[in-house]
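Observations on the three-dimensional arrangement
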Amino acid sequence: MANLKEIRNRISSVSSTMQITSAMKMVSAAKLKKAQDAITAMRPYAEKLTELLQNVSSTLEGDAGGEYTTQREVNKVLIVVITSNRGLAGAFNTNAIKAAKEVAESYAGKQVDIFPIGKKGNDVLAKTFTVHAHHNAIYDNLTFDNVANIANVLIEMFTTGEYDKIVIVYNQFKNAATQIVQTEQFLPLAPIASDVPASTGDYIFEPSKEEIVLTLIPKSLKTQLYKAIRDSFASEHGARMTAMHKATDNATELRNQLKLTYNKARQAAITNEILEIVGGAEALKG
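In this text, all values refer to a predicted model and were calculated from it rather than measured experimentally.

Now for the overall build of the protein chain. Within the protein chain, the regular secondary structure consists of five helices and five strands. Along the protein chain, helices (α) and strands (β) appear in the sequence α-β-α-β-α-β-α-β-β-α when read from the amino end. For the protein chain, whose C-alpha radius of gyration is 29 Å, the value lies well above the compact-globule estimate of 19 Å for 286 residues. C-alpha atoms of the protein chain, sized along the principal axes, occupy 115 × 45 × 30 Å. For the protein chain, with 286 residues in total, the buried portion stands at 38%. Taking the intrachain contacts of the protein chain between residues at least 6 apart in sequence as the baseline, contacts between residues at least 24 apart amount to 79%. As displayed, the protein chain has an accessible area near 15,900 Å², and 53% of this comes from carbon and sulfur atoms. Taking the average place of the 32 positive charges on the side chains of the protein chain and the average place of its 30 negative ones, the gap between the two points comes to 13 Å.

Before going further, it helps to spend a moment on the pairing of strand 5 (residues 178-187). Of the pairings in the sheet, the one linking strand 4 (residues 165-175) to strand 5 comprises nine bridges and is antiparallel in character. Residue Asn175 lies in a different strand from strand 5, and its bridge partner there is Thr178. From the end of strand 4 to the start of strand 5, which pair antiparallel, there are two residues.

The next subject is the sheet that holds strand 1 (residues 76-82). Each strand in a sheet pairs with its neighbour through backbone hydrogen bonds, running either in the same direction (parallel) or in the opposite one (antiparallel). Across the sheet, five strands lie side by side as 3-2-1-4-5; this open sheet has mixed pairing. Sheet topology places strand 3 (130-131) and strand 5 at the edges, where each strand pairs with a single neighbour. Where strand 1 lies against strand 4, five bridges are found, and the strand directions are parallel. Its bridge partner being in strand 4, Leu78 is matched across the sheet by Ile166. On top of the sheet, helix 5 (residues 209-285) reaches strand 1, strand 2 (111-117), strand 4 and strand 5; it is set at about 45° to strand 4, its chief contact.

Following Leu187, the chain continues to Pro188 via a peptide bond in cis, the omega torsion being 0°. Along the chain, Pro188 turns up in the loop between strand 5 and helix 5. Phi at Leu88 is positive, roughly 55°, even though this residue is not glycine. Judged by relative accessible area, which is 55%, Leu88 ranks as exposed.

Nonpolar side chains collect at one region of the surface, where Ile270, Ile274 and Val278 lie side by side and expose about 240 Å² of accessible area between them. Relative accessible area serves as the criterion here: at 44%, Val278 is assigned to the partly exposed category.

This paragraph deals with the side chain of Glu236. Following the sequence through the fold, Glu236 ends up in helix 5. If we skip the residues at most four places from it in the chain, Glu236 touches Ser84, Ala89 and Phe92.

This next bit is on the packing of helix 4 (residues 144-159) against helix 5. Taken N-terminus to C-terminus, the directions of helix 4 and helix 5 make an angle of 120°; their axes are 9 Å apart at the nearest point. With respect to each other, helix 4 and helix 5 are oriented oblique. Here helix 4 runs over helix 5; the crossing is right-handed. Contact residues: helix 4 offers Phe144, Val147, Ala148, Ile150, Ala151, Asn152, Leu154 and Ile155, while helix 5 offers Lys219, Leu221, Lys222, Thr223, Leu225, Tyr226 and Ile229. Classifying every residue of the contact of helix 4 with helix 5 by side-chain character gives eleven nonpolar, two polar and two charged.

Within the largest apolar cluster, 42 residues are counted, with the highest numbers of intra-cluster contacts made by Ile82, Ile117, Leu154, Ile166, Phe186, Leu187 and Leu225. At the level of elements, helix 1 (4-57), strand 1, strand 2, helix 4, strand 4, strand 5 and helix 5 are the ones that each hand at least two residues to this core. Each residue touching Leu154, except ones within four places of it in the same chain, is listed here: Leu78, Val80, Phe115, Ile166, Phe186, Leu187 and Leu225. If you look at the next biggest cluster of nonpolar residues, it comprises 14 residues, including Val77, Ile97, Val103 and Ile114.

How each quantity is defined
Residues numbered from 1 in each chain as written. Predicted model: local features only at pLDDT ≥ 70, side-chain atom pairs only at ≥ 80, totals over all residues. Heavy atoms only, no water. Helix = DSSP H or I, 4+ residues; strand = E, 2+ residues; numbered from the N terminus. Rg over C-alpha atoms; globule rule 2.2 N^0.38 Å. Buried < 20%, exposed > 50% of the residue type's maximum accessible area, 1.4 Å probe, protein only. Contact = heavy atoms within 4.5 Å. Areas by Shrake-Rupley, 256 points an atom, 1.4 Å probe, with all protein chains shown as cover. Lys, Arg positive; Asp, Glu negative; His and termini not counted. Charge placed at Lys NZ, Arg CZ, Asp CG, Glu CD. Pairing = 2+ DSSP bridges. Axes fitted to C-alpha atoms, helices over the stretch in contact; angles between N-to-C directions. Patch = residues over 30% accessible without salt bridge, like charges linked within 9 Å, V, L, I, M, F, W, Y side chains within 5 Å. Salt bridge = Lys/Arg side-chain N within 4 Å of Asp/Glu carboxyl O. Parallel < 35°, antiparallel > 145°, perpendicular 65-115°, else oblique. Left-handed = near helix turned anticlockwise from the far one by under 90°. Nonpolar A, V, L, I, M, F, W, Y, C, P; charged D, E, K, R; others polar. Core = buried A, V, L, I, M, F, W, Y, C linked by side-chain atoms within 4.5 Å.

Pasting the structure below:
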C-alpha cells in the first residue's frame, strides 16, 4: 500500500484536475448556448433558401446551374475537413478526421487533397495528405462574411478546373451529447430537383429566372459552408462540455476512492502505533 504522503499528493493532484475540468465544463456550457442559438436560428433560413432555389430552377429547362453543375471526370478531389483548434472534446475531432480518411480512401488512385478548417484536423491530416490551405483563425471571428471569403476560394478552385469535386466533412449538431458526422458534396451541385410540384401561378421574374438561379447558387453555397462551420462550432462545445462533465465525475470518484484509501492507511498506521505502545508498556511491566 502506498504511504500516506504519496496518497495525499495524489488526492491533491486529482482535486486540481477536477477543478480544471469543472471550469472548462462551465465555460463550454456558456459558449454552447450562444452557438446553439446561432445554428438553430440559421437552419430555417438555409432550408428556405434551398427551397427557393429548387422552386425557381424546377421550372427551367436544360442546365440551369451553369458552371456550378458541370460534371467532370473526377481525377482531383478536395476534402474540406472542419474540426476545432483545441482538443479535450472527446471523439469530436477524431470522428471528423476518420470520416475524411474514409472519403479519401473511396477515391483511391485519384489526387486527394485536404482543405482543413481547424488546427486539429490540419495537424493530423498534414502528415499523410497534401494540405492545400488551412483556416484556423476563422473561429476567432466567425461571421458570414469571413466564411464567404473561404467559400469564394473553394468555388474558384472548382470553376477553374483545379479540382473536379469538393466534399465537406463536419460534425452536425444534434444536442449537447450527440454530434453526427456528415459528408456533403459541395461542388459540383447535384441536379436540382424538388419533390414539391412547381408553382403554376403567373409570376413576373425580374431579372430572368436563369439569372436568379445563378445568383442564388453562390449564395446557397456560402450558406451551406457557413451552416457546416456553425454546426461544427456548436458540436465542439457540446462535445467538450460532455467530455469535461464525464472527466469531472471520474475525478470526483477517484478522489473519493483515494480519500477512503488514505483514511484506511491512516487508521492502520494509528492502530500499529497503539499496538507498539501497548506492547512496549507490557514489556516494561514484565
